[in-house]
Amino acid sequence: MLHVDMQNVNKWFGAHHVLRDVNLSVTHGERIVICGPSGSGKSTMIRCINRLEAHEKGRIVVDGTELTNDVKKIDEVRRDVGMVFQHFNLFPHLTILENCTLAPMWVKRMPRRDAEEVAMHYLNRVRIPEQANKYPGQLSGGQQQRVAIARSLCMSPKIMLFDEPTSALDPEMVKEVLDTMVSLAEEGMTMLCVTHEMGFARQVADRVIFMDAGQIVEVNEPRAFFENPQHERTKTFLGQILH
Amino acid sequence: MSNATAMMRSVRSAPMFRDRTNTIATAMFGAILVYLGARFARWAVVNAVWTVPPGVGSAPCRAVAGSGACWAVISDRLRFISLGTYPLDQQWRPVVASLLFIALYAASARRSWWKPGLFVLWLAVPALAIVLLRGGWFGLSSVATEFWGGLPLTFLLSTVSFALAFPFGVALALGRRSEMPAVRTMSITYIELIRAVPLVSMIFMAAVMFPLFVPQSFTLDKLLRAHVAFVMVMSAYLAEVLRGGLQAIPKGQYEAAASIGLPYWPTTVMIVLPQAVRTTIPSIVNTFIGFFKDTSLVAVIGLFDLLGAAKAVIVDPKWVGFGVEVYLFVAAVYFTFTFSVSRYTQRLERVLSAERNH
Amino acid sequence: MSATIRIVAAPRSSSSRWSWRDPRARAAIWQVVIVGLLVGTIALIAVQTTTNLRSRGIASGFTYLTRSAGFEIPESTLSYSSRDSYGRALAVGIVNTLRVSTIGVLAAVMLGVVIGVARLSSIWVVSTVAKWYVEVLRNTPLLLQLLFWYSVMLALPTVHDAIHPLPGVFLSDRGLFLPSIGWHGGVPSLDMPQLMRFSFRGGLWITPEFATLLVGLATYTAAFIAEIVRSGVLAVDKGQTEAASALGLSRYRTLRLVVLPQALRVIIPPTTSQLLNLFKNSSLAVAIGYPELMSITTTTLNQTGQAMEAILIAMTCYLAISLSISLGMNSYNRRVVLRGQGA
């Protein structure tokens, strides 16, 4: 069974056609990296998967649930899909631990003690358990992003979405976040990552997708994608970011 | 270095002498200010009458009228100005109530106490004060609200109205940003209507119209009606302040909450409101100070709050004509309170913006 | 607009089948419930009010407006006598409100700008005096200030010992008398106030009530405007001044061409809301007896018992004037203030 299935997905922002007939099927445990110039619709596409954006035409089925207006189904999908944002979006008024326990307690009705245990488990995994009682503002960007990953993992998602998770980080912090993502990938998590970290794509991606002007232009496994791009636009883009 | 040059140096570096323009200006304005100050001091201190012996009325004050201040009016009527007509033998009750309010304000200034529990305190303290003032329990004699007055009444009006207006303000602010057109329209209409009319007209409305709205068996006392007017108005102004806070919350916060599956109400209560309130605390406190001053308007419907009592003092034939002294005194009381609170918010604003920027 | 709701916003062409789980259906039901509650409450109040009015024998309606008012109004721009109707008295009140607000606004802006600039002065004495002016005026209730000024006015010498600083200028507990320019046979002539037995006759008379209200409103509002002016000027980025001097502009030109236009954008919106406040605060005249809208309203309701009608009329007038002022200000803002901000 497909884990994420998008068929002929279309979306407009006013008159601007941001997604044009996007078709994408992701199987269980598959790791996909999406790249493309800014404004190409790559963020919008993954934001449609947990319905931060609503698509206007076509079908999106996530883990067997089709996304419609039905709030209950949207809630179901969001429980199963985690997302990591470019700007971390941690809740600044809550401690790291509270950031992580909030959803398990309020969405899954987990008792505080259990939620804290789960949170500490994942904070250990992203290697910052000692920061649990600090506030996000007291942490470095890399640490904040790792907390954001832990916060998502606390809901035990089946799919993780990454929306340019390293673009807002200082260069020396990119690696710690990528390492965390790599270890996630190695455990068999279904992942969709919008990123320009081509090293990461080479290392973990099963498929690399190139988007431009709202369309998926090219899909290939990483080696072929980087060494032998088929489309002119892909070549130009790769030329720009690799040199 | 000798002492004299050290002194010269410190004088030179004082802001009023830091350059030639400043020195000249200081000399010129200083002369004027000293002259005015001296004239004021002659009126307020040198020629002033501080007390009058019993039985002579205000004759000693009348004798110096025009050249000296009559502070005797304050010493004579201090109890009335500060506590209204509350029974003399029970006056410890309004005094304790005032202290409770002051303690509440002091507690609210501590940042470590900014928790939802603080709001409960804002409901509990006025409730306690009302129980204390009203009596009829625990062997306390019962005192009707028309005898309440002075400073405790000012504290009571502003605190109770504020605590009750706050939840309404939150609801209106959320309503104004709602995507449901009916809810949005109603919130906007209410907020804009209330803000477009003078507070006095709302107080008169409450005083003369509210009794018509309820069954006649149901008597709304004047103090309660004044509270209703203040709650109605304050909630509209608080809603506007909170709206600013809501607008300042980045979209990413809503998205993050949605992505971890939080529905609307948990998101609003746990994520949105705490941040909106935190960023607007200086403005919320300023709104409170503004209304603290504006509770003085109840004097026009005949309640004896601090200003109402002062106004009543100079209606007394004995003290008629000494309004300047009475009002200067009352102004000093208001100023002490509001100035210190506004100093506090200024400092808070600096601290908060420094925290945001790093 | 709320981002929370936008997230689950309805796409244009999804299933249109009705479902309780559809946010659109939920929103519709919520709105019906809320509107229903509101309408119900209003209806309940209306029914109760009618019963109360009937049982108290109060005839509601606006016919009282045509009845003779029977009270004097000491100062009026419109012609008015106690035989005129309540409606006429109301009109006098509105005109007086507008009169004191208009003059008050002009005075408040001038004084506010002066104090705001003084607050920024590099001369320590000047900025300190301005600072304390602002602190004292802002931190005491306006009503208290009005009552204070009124006490001061009434404590002035009597007519016979009037303060007489210039020819034709007399300041006493009856107010301020000034020479005025009148027309006699097509020739302008100076009309000097003459001392009669109880007061002055002729010239321009400013009553203590009007003077109190004007001084009180203008000095109070000026304190707020001064703070706005100060923060507006400080808000202009220092780099702007530096860039202007780097281009060789003089200090005056820099201020005139670079700093002020940018500061005005910051200054104008909050200032307009202060001016609206001044207009609304003119209703405090009720405490000192200047016959503006609110005072006339309270006199009317005390005499006729038509509390509801009188208050509703007053509130409608304030509302209409406030809303037209803010509409005017908003369009001015759009044209002038937001120009070149790309919004």
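Residues numbered from 1 in each chain as written. Chains lettered and ligands numbered in written order. Predicted model: local features only at pLDDT ≥ 70, side-chain atom pairs only at ≥ 80, totals over all residues. Heavy atoms only, no water.

Attention now goes to the overall build of chain A. What chain A contains, in helices and strands, is 9 helices and 10 strands. Computed over the C-alpha atoms, the radius of gyration of chain A is 18 Å, within 12% of the 18 Å expected from 2.2 N^0.38 for a compact globule of 243 residues. For chain A, the C-alpha atoms occupy an extent of roughly 55 × 45 × 35 Å along the three principal directions. Classification of the 243 residues of chain A by burial places 58% in the buried group. The long-range fraction of contacts in chain A, counting pairs at least 24 apart against all pairs at least 6 apart in sequence, stands at 65%. With the model as given, the accessible surface of chain A reaches about 10,000 Å², and the carbon-plus-sulfur share is 46%. Here chain A holds 28 positive side-chain charges and 31 negative ones, and the gap between their average locations is 3 Å. (Helix = DSSP H or I, 4+ residues; strand = E, 2+ residues; numbered from the N terminus. Rg over C-alpha atoms; globule rule 2.2 N^0.38 Å. Buried < 20%, exposed > 50% of the residue type's maximum accessible area, 1.4 Å probe, protein only. Contact = heavy atoms within 4.5 Å. Areas by Shrake-Rupley, 256 points an atom, 1.4 Å probe, with all protein chains shown as cover. Lys, Arg positive; Asp, Glu negative; His and termini not counted. Charge placed at Lys NZ, Arg CZ, Asp CG, Glu CD.)

Each helix and strand in chain B was counted, giving 14 helices and 0 strands. With the C-alpha coordinates aligned to their principal axes, the bounding extent of chain B is approximately 75 × 70 × 40 Å. The proportion of buried residues among the 358 residues of chain B is 49%. A total accessible area of about 16,500 Å² is found for chain B, and carbon and sulfur atoms account for 69% of it. Here chain B carries 30 positive and 15 negative side-chain charges, and the mean point of each set is 7 Å from the other.

What follows covers the side chain of Thr154(B). All names here are of chain B. Its location among the elements puts Thr-154 in helix α7 (residues 150–176). The class of Thr-154 is buried, set by a relative accessible area of 0%. With sequence-adjacent residues up to four places away left out, Thr-154 is seen in contact with Phe-292, Thr-295, Asp-305, Leu-306 and Tyr-334.

This next bit is on the state of the cysteines. Linking two cysteines covalently via their sulfur atoms produces the bond known as a disulfide. In this structure the tally under the stated criterion is 1 disulfide over all chains. Between the sulfur atoms of Cys61(B) and its disulfide partner Cys70(B) the distance amounts to 2.0 Å. An S-S torsion of about 75° defines the bridge between Cys61(B) and Cys70(B) as right-handed. We note that Cys35(A) lacks a disulfide partner, and the nearest cysteine sulfur, in Cys193(A), lies 12 Å from it. On the accessibility criterion, Cys35(A) (0% relative accessible area) is buried. (Disulfide = S-S within 2.5 Å.)

All names here are of chain A. The antiparallel open sheet is built from 4 strands, whose spatial order is β2-β1-β4-β5. Of all strands in the sheet, those with a lone pairing partner are β2 (16–27) and β5 (65–66), marking the two edges. Sheet analysis places strand β1 (residues 2–13) next to strand β4 (residues 57–62), joined by 5 bridges and oriented antiparallel. Residue Met-6 lies in a different strand from β4, and its bridge partner there is Ile-60. Taken strand by strand, helix α1 (residues 42–49) contacts β1, β2 and β4, and its axis lies near 125° from that of β1. (Pairing = 2+ DSSP bridges. Axes fitted to C-alpha atoms, helices over the stretch in contact; angles between N-to-C directions.)

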